[in-house]
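Listed below, chain by chain, are the residues.
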Amino acid sequence: MAVDAALEPLRRAAQALAADSDERGYLLKGEAKIERLNSMESLLALWRFANQKTHVARETTSMRKQAKATFGLKSWDEKTYNEIEAAPKLTRVSATKSYQGDIEGEGKLEYLMMYRTAGSASFIGLERVTGSVGGRSGSFVLQHSGTFEDGVAKVILSVVPGSGTGDLRGMSGEGGFNAGHQPPYAMTLDYGFE
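These numbers were taken from a predicted model, which means no experiment stands behind them. Throughout this document, residue positions are counted from 1 along each chain, in the order its sequence is written. In keeping with the model being predicted, local features are shown solely for residues with a pLDDT of at least 70 and side-chain atom pairs are shown and tallied solely at 80 or more, while totals for entire chains, interfaces and linings include all residues. Computation of side-chain values covers all heavy atoms of the structure but excludes hydrogens and water.

1. Some points on the overall build of the chain
Line of reasoning, step 1. Helix and strand content of the chain: 2 helices and 11 strands.
Line of reasoning, step 2. Numbered from the N terminus, helices here are DSSP runs of H or I no shorter than four residues, and strands are runs of E no shorter than two. In the chain, the succession of α and β elements from N to C terminus is α-β-β-α-β-β-β-β-β-β-β-β-β.
Line of reasoning, step 3. Only protein chains enter the accessibility calculation, which uses a 1.4 Å probe. A residue is then buried if its area is under 20% of the maximum for its type, exposed if over 50%, and partly exposed in between. By residue count, 33% of the 194 residues in the chain fall in the buried class.
Line of reasoning, step 4. We call two residues in contact whenever any of their non-hydrogen atoms come within 4.5 Å of each other. Counted over contacts in the chain with a minimum sequence separation of 6, partners at least 24 positions apart contribute 45%.
Line of reasoning, step 5. The accessible surface values rely on the Shrake-Rupley method and a 1.4 Å probe; as for residues, cover is taken only from the protein chains in view. Carbon and sulfur atoms provide 54% of the accessible area of the chain, an area that totals close to 11,900 Å².

2. As for the pattern of salt bridges
Line of reasoning, step 1. In what follows, salt bridge is the name for a side-chain nitrogen of Lys or Arg lying within 4 Å of a carboxyl oxygen of Asp or Glu. Using the criterion set out here, one finds 6 salt bridges in the structure.
Line of reasoning, step 2. The closest approach of N and O atoms between Glu106 and Lys108, which form a salt bridge, is 3.9 Å.
Line of reasoning, step 3. Residue Arg116 pairs with Glu149 through a salt bridge whose shortest N-O separation is 4.0 Å. With a gap of 33 residues between them, Arg116 in the loop between strand S5 (103-115) and strand S6 (121-133) and Glu149 in strand S7 (residues 136-149) connect regions that are remote in the sequence.

3. Quick notes on the confidence of the model for the chain
Line of reasoning, step 1. The predictor's confidence in any single residue is recorded as pLDDT, a number from 0 to 100. Of all residues in the chain, 68% attain a pLDDT of 70 or more, and the chain-wide mean is 82.
Line of reasoning, step 2. Every residue in residues 29-37 is under pLDDT 50, and counting partners more than four places away or in other chains gives 20 contacts.
Line of reasoning, step 3. The model gives residues 53-61 a pLDDT under 50, and that stretch makes 4 contacts with residues more than four places away or in other chains.

4. A short note on the environment of Thr91
Line of reasoning, step 1. In this structure, Thr91 sits in strand S4 (residues 89-101).
Line of reasoning, step 2. According to the relative accessible area criterion, Thr91 is buried, its value standing at 1%.
Line of reasoning, step 3. Sequence-wise, Thr91 and Lys79 are 12 residues apart; in three dimensions their C-alpha atoms are separated by 5.4 Å.
Line of reasoning, step 4. In contact with Thr91, not counting residues within four places along its chain, are Glu78, Lys79, Thr80, Tyr81, Tyr111, Leu112, Met113 and Tyr115.
Line of reasoning, step 5. In protein, a polar contact requires one atom able to donate a hydrogen and another able to accept it; more generally it is a pair of N or O atoms within 3.5 Å, and residues adjacent in sequence count only if both atoms are side-chain atoms. In terms of polar contacts, Thr91 uses its side chain to reach the side chain of Glu78, at 2.8 Å.

5. Quick notes on the nonpolar core
Line of reasoning, step 1. Core analysis: the largest hydrophobic core is formed by 29 residues, its most contacted members being Ile103, Phe140, Met171, Met187 and Leu189.
Line of reasoning, step 2. Every element with two or more residues in this core is listed here: strand S3 (65-82), S4, S5, S6, S7, strand S8 (152-159), strand S10 (171-179) and strand S11 (185-193).
Line of reasoning, step 3. Element by element, the count of residues in this core is highest for S11, at 5 residues.
Line of reasoning, step 4. Filtering out sequence-adjacent residues up to four positions away, Ile103 remains in contact with Ala67, Lys68, Ala69, Val129, Ser132, Val133, Met187 and Leu189. Residue types Ala, Val, Leu, Ile, Met, Phe, Trp, Tyr and Cys, when buried and joined through side-chain atoms within 4.5 Å, form a set referred to as a nonpolar core.

6. Quick word on unusual backbone geometry
The phi angle of most residues is negative, glycine excepted, and most peptide bonds adopt the trans form.
Line of reasoning, step 1. A cis amide bond links Pro183 to the next residue, Pro184, at an omega of 0°.
Line of reasoning, step 2. Along the chain, Pro184 turns up in the loop between S10 and S11.
Line of reasoning, step 3. Non-glycine residue Ala86 carries a positive phi angle of around 65°.
Line of reasoning, step 4. Within the fold, Ala86 resides in the loop between S3 and S4.
Line of reasoning, step 5. The class for Ala86 is exposed, based on a relative accessible area of 86%.
Line of reasoning, step 6. The backbone of Asp150 shows a phi angle near 50°, a positive value even though the residue is not glycine.
Line of reasoning, step 7. Summarising the element assignment, Asp150 is placed in the loop between S7 and S8.

In structure tokens, the structure reads:
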């Protein structure tokens, strides 16, 4: 009974890896076949195989790089879409950015902004960047979340999962920037590929 309880996590792992098996229940690992997943040797072999997959996944995510770039604003078109007396003003921004450095290319950005008193604001946005990152070409989408206070925009960036195209397919990442009124603006993006 204790042996069965100890083997239960391995049995669950076998079920989770069923997609890697053929119709007779053989687990395919390269040229080797592991037969009868309920035997001790097979379960240990399965456990080793699952650990190898986990190790490869960890290596993939740990091979992250940091892109350093600068950007400038080519256009900024802001329009108020809701304004009520004694309430925060809501605006929509369409902007175009140009990137230089480890990120090269152009970004098309849409912001939704809420202005509070004394010129401060909160905003969210989506930006499609088309060009290259670290020499890999394609496009990806950045999600922006930020504030504007005391003349400085502080923005947190994250790559939207599944948005990468071309050589940037499978890209993930986080970054950000602090920008005042004097371009060019410096940013960083820690990124990797799945």
